[in-house]
Amino acid sequence: GGGGGAAMADGDGLLSVEYEVYGKVQGVFFRKYTQSEAKRLGLVGWVQNTSHGTVQGQIQGPAARVRELQEWLRKIGSPQSRISRAEFSNEKKIEALEHKEFQILK
């Protein structure tokens, strides 16, 4: 290494991870809040309600930011939500983002 200070220091590169959040997470604007939090952190991916009462999706972006959203999904969520747990799977390093933005899927 040892180049000049790049604007985007890619200390730990890009991460992709899938998530599913359990609890009272439907009908409480959970997807909308997740989308705005992801956008605030500069992440891309998607979020959707499932038929069995959970919310699931995928996050992609700089590893440190992905970690922040994971914490948010685990502990905070939308103001009226009651999260019992969040599960993360298929975590992997990626070379480039596979999504253009963070979308709410129907």
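Each remark here, short or long, concerns the structure printed above.
Please read these numbers as outputs of a predicted model, since none were measured by experiment. The residue numbers shown here count from 1 along each chain, following its written sequence. Per-residue local features are limited, in this predicted model, to residues with pLDDT of at least 70; the limit for side-chain atom pairs, both in listing and counting, is 80 or more; totals at the level of whole chains, interfaces and linings are taken over all residues. Side-chain numbers here rest on the full set of heavy atoms in the structure, without hydrogens or water.

### Here's the deal with the overall build of the protein chain
Then, in step 1: Secondary structure elements are defined from DSSP: runs of H or I of at least 4 residues count as helices, runs of E of at least 2 residues count as strands, and each element is numbered from the N terminus. A tally of regular secondary structure across the protein chain gives 2 helices and 5 strands.
Then, in step 2: Shown N-terminal to C-terminal, the secondary structure of the protein chain runs as helices and strands in the order β-α-β-β-α-β-β.
Then, in step 3: Among the 106 residues that make up the protein chain, the fraction classed as buried is 40%.
Then, in step 4: Taking all contacts inside the protein chain whose residues are at least 6 apart in sequence as the whole, residues at least 24 apart take part in 77%. Relative accessibility thresholds used throughout: buried, under 20% of the residue-type maximum; exposed, over 50%; partly exposed, between the two (1.4 Å probe, protein chains only). Here, two residues are considered to be in contact whenever any of their heavy atoms come within 4.5 Å of each other.

### Quick look at the pattern of salt bridges
Then, in step 1: Here a salt bridge means any side-chain nitrogen of Lys or Arg lying within 4 Å of a carboxyl oxygen belonging to Asp or Glu. Counted according to the given criterion, the structure contains 6 salt bridges.
Then, in step 2: When salt bridges that share partners are traced, they join E71, R74 and K75 into one network.

### Description of helix α2 (residues 63-75)
Then, in step 1: Expected helix span is computed as 1.5 Å times (number of residues minus one). Along its 13 residues, α2 runs 18 Å from first to last C-alpha, staying within 8% of the 18 Å computed at 1.5 Å per residue.
Then, in step 2: Looking at the buried side of α2, the elements it contacts are β1 (14-24), α1 (30-41), β3 (55-62) and β4 (82-94).
Then, in step 3: Backbone geometry just downstream of α2 places G77 in the positive-phi region, at approximately 65°.

What is shown is where atoms sit, not what they do.
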